[in-house]
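Tertiary structure, described
If you want the building blocks of each chain, they are given just below.
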Amino acid sequence: MELFLQSVVNSFIQGGFFSLWAVGLVLVFGVMGVVNFAHGELVMVGAYSIWVLHAQYGLPYIPALCMAVLLVTTIGVLMERFLFRPKREDPLGGLINSLGVLFILQVAAHVVGGTGPAKQVAPPFSGTFVIEEFLRVPYQRLFAVAVSVAALGLLWFFLTRTRLGWSLRAMAQDREAAALQGININRTSMIAIGVSGALAGLAGALMAPMTSIHPHMGHNVIITAFIVTIVGGIGSLSGAVLAAVLYAFLHTFVTAYISGTVATMSGLLIMVLVLIVKPTGIMGKRVSE
Amino acid sequence: MGANKLTHVAGTAALLIALVILPGHLKYHHQDFIIFLTINVLVVVSYRLMTLTGEWSLIHIVMMGVGAYTSALLSKNLGVSVWLSIPLAGVSAGAVAALLSFPLFRMTQFYFLIGSFAVGEAIRLAWVYFVYPFGGSSGINTIPSPELFTIDFMEPIPYFYLVLAVVTLCLLILHRIENSRIGLTLHAVHWKSPLAESVGVNAWKYRTLAFIIASIFVGVAGALKVHYLGNVTPHQFGVGTMVFVLIWVIVGGYNTFYGPILGAIVLSILDEAFRAFEAIRPAIYGVLLIAAIMFMPRGLESVPGWFRERLFRKTAE
Amino acid sequence: MPLLEISKLTKHFGGLTALNDVSFSVDRGEIRGLIGPNGAGKSTMFKNIAGFYTPSAGDILLDGESIRGHAPHEIAGRGVVRTFQETTLFQELSVFQNALVGCHLRARTNIVSAVLGLDGARQRAARQKAAEVLEFMGLSERRDQLASELPLGSQRALAVAIALASSPRLLLMDEPFAGMNPEETRQMMDLTRKVNDSGVTVVLVEHDMKAVMGLCRQITVLNFGTLLTEGSPEEIRNDERVVRAYLGGGHRL
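Throughout what follows, the structure given in this document is the object of discussion.

Quick notes on the rules
Residues numbered from 1 in each chain as written. Chains lettered and ligands numbered in written order. Predicted model: local features only at pLDDT ≥ 70, side-chain atom pairs only at ≥ 80, totals over all residues. Heavy atoms only, no water. Helix = DSSP H or I, 4+ residues; strand = E, 2+ residues; numbered from the N terminus. Rg over C-alpha atoms; globule rule 2.2 N^0.38 Å. Buried < 20%, exposed > 50% of the residue type's maximum accessible area, 1.4 Å probe, protein only. Contact = heavy atoms within 4.5 Å. Areas by Shrake-Rupley, 256 points an atom, 1.4 Å probe, with all protein chains shown as cover. Lys, Arg positive; Asp, Glu negative; His and termini not counted. Charge placed at Lys NZ, Arg CZ, Asp CG, Glu CD. Axes fitted to C-alpha atoms, helices over the stretch in contact; angles between N-to-C directions. Parallel < 35°, antiparallel > 145°, perpendicular 65-115°, else oblique. Salt bridge = Lys/Arg side-chain N within 4 Å of Asp/Glu carboxyl O. Pairing = 2+ DSSP bridges. Phe/Tyr/Trp six-rings, centres within 6.5 Å; stacked < 30°, edge-to-face > 60°. Patch = residues over 30% accessible without salt bridge, like charges linked within 9 Å, V, L, I, M, F, W, Y side chains within 5 Å.

So, about the overall build of chain B. Counting secondary structure elements, chain B contains 14 helices and 2 strands. The C-alpha atoms of chain B give 20 Å as radius of gyration, which agrees with the globular expectation for 317 residues (20 Å, within 12%). For chain B, the spread of C-alpha atoms along the principal axes amounts to about 65 × 50 × 40 Å. Across the 317 residues in chain B, those meeting the buried criterion constitute 56%. Taking as baseline every contact in chain B between residues at least 6 positions apart, the subset at least 24 positions apart corresponds to 78%. Here chain B displays about 13600 Å² of accessible surface, and carbon together with sulfur accounts for 70% of that area. Across chain B, the centroid of the 19 positively charged side chains sits 9 Å from that of the 14 negatively charged ones.

Written as structure tokens, this is what we have:
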């Protein structure tokens, strides 16, 4: 029972992170048609920024978090401008370029952090919120969930209530038609990857105090983001969030009761099942012929 | 056309002769290197057969693992002769590919790429999870080497000749497949699948066929690797390794049979040269990869043609 | 018995009805025109016949046997082959290789024969057939050129050559004259007649009314997914309803 309740709470926290990871990937794929394999590394850079700025140089957590978001957004924007834009007609080329970035960022992390054991960052918000003697949620985690939800809410507002958000969604639906209607593809792509980078940086910065930071932590992120993206329906943001929460429950519970390996394995198999049975995902729209 | 073919034949012959003479004159460490390089050549060439159909999979290296585990388990646990377990490794990788083709080839393009990645990763995690029979994350150790008369295949030089013979035979077969009717049909499936279907080509069947053949040969490559290394772990077949295969194929150029071979050889030698900078080697790969995609989309194999063209233009003037 | 019989064919896409209860038949040896304003369902009809779509209701009979819902390659195996609206060719293959792909059904082989070269006789026969169809379509001189390097007229001729290489009984041509100048159109019309004279039944979807009227003795008109009328070019030209349908669609007869 204790394990069960604790797992429920953990699932919601995980769900927040999974959403942040996946929504950025979905946005870039939807709007630009690029599979950004370096997305996990963007999260990793966000976490490293916190380790360097906050843990090493003593910058307070919140400003460090803002810097992390800014840095990762910039990396994203540079990727779009110099790597994805020239390869817009060649989706394979964009994908390969993102693999190149993946290697470069991993090595950059090695250079910055040195080899040796994974890094830990002490939680800036100490203390634990005690619901019951057996059910405790550290404040750091509450903060992370609150910020994740706020960020996703803000994104939702941006996409549905602003003109820019509207052009993003139009482009995700049909790039050519959007271009014909006078939507500036370059600018819209830039915004998409900017938002994607900001979310990745934010996720990394929020995770930093609760996880071990190492150059290969992006691997787990990208696998999870793929599973969530496919299950939720490629191009569907609400689908991604729903799938993220569902998958977080599955992953947390299977990890708690069986093993982490089996948890990831079952996620992958569910993803394959969705690809076979309903390639548009649980929330995806029907694509007309 | 004729001259071009002659260059290819001459080049291939020279390379083979060099490979036969070379190993005796190398240091131990370099003998290792050349064995793995030769195996990797088979990995990239078999992968290219798959890409002919226009589908880029991320499961190829996992199929290599299927071959490796099969041969390791057969020879170590069941006492099957290594001479038999190596071809059986190919057969089992082909059989697994045939089974996987049912779910995988319901997808195409991006979905296939991601689907193949997911299935591959799930298989790899199964090797991690099931300690019996796969040995978990530490894998299987003390895998026997082949035995023949008094030749010691634990030594790099005899093993190298074995690998060279097997890989050469496999490349000959793959080359023949590509230049046969089947190769032409695979090309056709790639470029305009509806057009190919409209003249009676069962595109699904040919995609599956390419996947199975590619898996058989990469399965053999996996077995060759495992009986030299003596151990096999799930880590050897991770997506990181797959990315290197992609890089070799793309930087070398996937439009010709020779491109991926060139890519594997040139990049592996570069990689050796950068051994001193162990930590930053992946970044060098990353930069090379991006440079190749941005400035040399047809790969290294286009470089000789480019020079030839300039040379001819010069002489024509 | 007609060669092709379309019986009460209906095709829905989601809530949209692209074809509604359409019936007509095509006799052996005919050149049949299938016309109608944009969005009338002509291309959808072709895709249903060739197996690229599965009809929602109704049947498609070839020589009295249903081919409804079969895969495109199976339908091709029964002798129904289509050409495509845009010039669809294997751009990076040579003209000869393009025709050779068209010979797929006679040249099919298995992997063992291919590697050991046991299928030599078959492949020789395929190469001969490919050379024949190129000769027939007047492309012999261009056989070693890349398909992408051909002028438009020759590209269309090659598309037909690929289809002919599979020895079809019924050839479905999707807008073979689109974008052609009068000279190219005239040559393509001659080729179409020649194909028809060699015993191939032809159904063509086309907007070029002059070409359709010149080629076909019988024309089928679709409008908004339903069969509007059928008749000779003379009857069609004078049919009020056809004229009105086209006026709505912005075309002139």
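All names here are of chain A. Contact pair helix 5 (residues 139-161) / helix 6 (residues 163-173): the axes reach a minimum separation of 5 Å and the direction vectors enclose 80°. With respect to their mutual orientation, helix 5 and helix 6 come out roughly perpendicular. In this structure, helix 5 contributes Phe158, Leu159, Thr160 and Arg161 to the contact, and helix 6 contributes Arg163, Leu164, Gly165, Trp166, Leu168 and Arg169.

All names here are of chain B. Under the counting rule described, the total for this entry stands at 17 salt bridges over all chains. Residues arginine 124 and glutamate 121 are paired through a salt bridge, measuring 3.0 Å at the closest nitrogen-oxygen approach. With arginine 124 and glutamate 121 both in helix 5 (residues 109-129), this residue pair falls 3 residues apart, about one helical turn. For arginine 124, a relative accessible area of 12% translates into the label buried. For glutamate 121, a relative accessible area of 5% translates into the label buried. The partner of arginine 281 in a salt bridge is aspartate 271, with the nearest N and O atoms 2.7 Å apart.

The next point concerns the sheet that holds strand 2 (residues 16-26) of chain C. Residue and element names in this part refer to chain C. Within the open sheet, the 4 strands sit side by side as 2-1-4-5. Their pairing is antiparallel. For this open sheet the edge positions go to strand 2 and strand 5 (65-66), each flanked by a neighbour on one side alone. Bridging between strand 4 (residues 57-62) and strand 5 involves 2 bridges; their strand directions are antiparallel. Among the inter-strand pairings, leucine 62 is bridged to a residue of strand 5, identified as glutamate 65. Seen against the sheet, helix 1 (residues 42-49) touches strand 1 (4-13), strand 2 and strand 4 and runs at an angle of roughly 110° to strand 1.

Residues tyrosine 132 of chain B and proline 133 of chain B are joined by a peptide bond in cis, for which omega reads 5°. For aspartate 63 of chain C, which is not a glycine, the phi torsion comes out positive at approximately 55°. The topology assignment puts aspartate 63 of chain C in the loop between strand 4 and strand 5. Its relative accessible area of 25% is what places aspartate 63 of chain C among the partly exposed residues. Its identity is not glycine, yet phenylalanine 224 of chain C carries a phi of approximately 50°, on the positive side. Its place among the elements puts phenylalanine 224 of chain C in the loop between strand 9 (218-223) and strand 10 (226-231). Phenylalanine 224 of chain C gets classed as exposed once you look at its relative accessible area, which sits at 71%.

The subject of this paragraph is the packing of aromatic side chains. According to the stated counting rule, one finds 30 aromatic pairs over all chains in the structure shown. Measuring from ring centre to ring centre gives 5.2 Å for phenylalanine 12 of chain A and phenylalanine 249 of chain A, while their planes differ by 85°; the resulting arrangement is edge-to-face. Remark: phenylalanine 249 of chain A occurs in helix 10 (residues 237-257) and phenylalanine 12 of chain A occurs in helix 1 (residues 2-32); sequence separation between them is 237 residues. On the basis of an interplanar angle of 70° and a centroid distance of 5.7 Å, the ring pair of phenylalanine 226 of chain A and phenylalanine 117 of chain B is categorised as edge-to-face. Separated into two different chains, phenylalanine 226 of chain A in helix 9 (residues 218-232) and phenylalanine 117 of chain B in helix 5 make up a pair that spans both. Taken together through their ring pairs, the aromatic side chains of Phe4, Phe12, Phe249, Phe253 and Tyr257 of chain A make up a single cluster.

Attention now moves to a nonpolar patch on the surface. Where nonpolar side chains cluster on the molecular surface, the patch consists of Met1, Leu3, Phe4, Tyr257 and Ile258 of chain A together with Tyr129 and Phe130 of chain B and spans about 740 Å² of accessible area. Among the secondary structure elements, phenylalanine 130 of chain B is positioned in the loop between helix 5 and helix 6 (131-134). For phenylalanine 130 of chain B, a relative accessible area of 39% gives the class partly exposed.

Before going further, it helps to examine the sheet that holds strand 10 of chain C. Residues and elements named next belong to chain C. The strand order across the open sheet formed by 6 strands is 6-7-8-3-9-10, and the pairing between neighbours is mixed. Two strands bound the open sheet, and with one partner strand each, they are strand 6 (80-82) and strand 10. Each adjacent strand pair in this sheet contributes to an overall mean axis angle of 20°, direction not counted. Bridge analysis of strand 7 (residues 170-174) against strand 8 (residues 201-205) gives 5 bridges, and the strand direction is parallel. In the sheet register, leucine 172 faces strand 8, and the bridge partner there is valine 203. Packing against the sheet, helix 1 makes contact with strand 3 (31-35), strand 6, strand 7, strand 8 and strand 9, and its axis sits at approximately 145° to strand 7. Strand contacts of helix 8 (residues 182-197): strand 3, strand 7 and strand 8, with the helix running at about 145° to strand 8, the strand carrying the most contacts.

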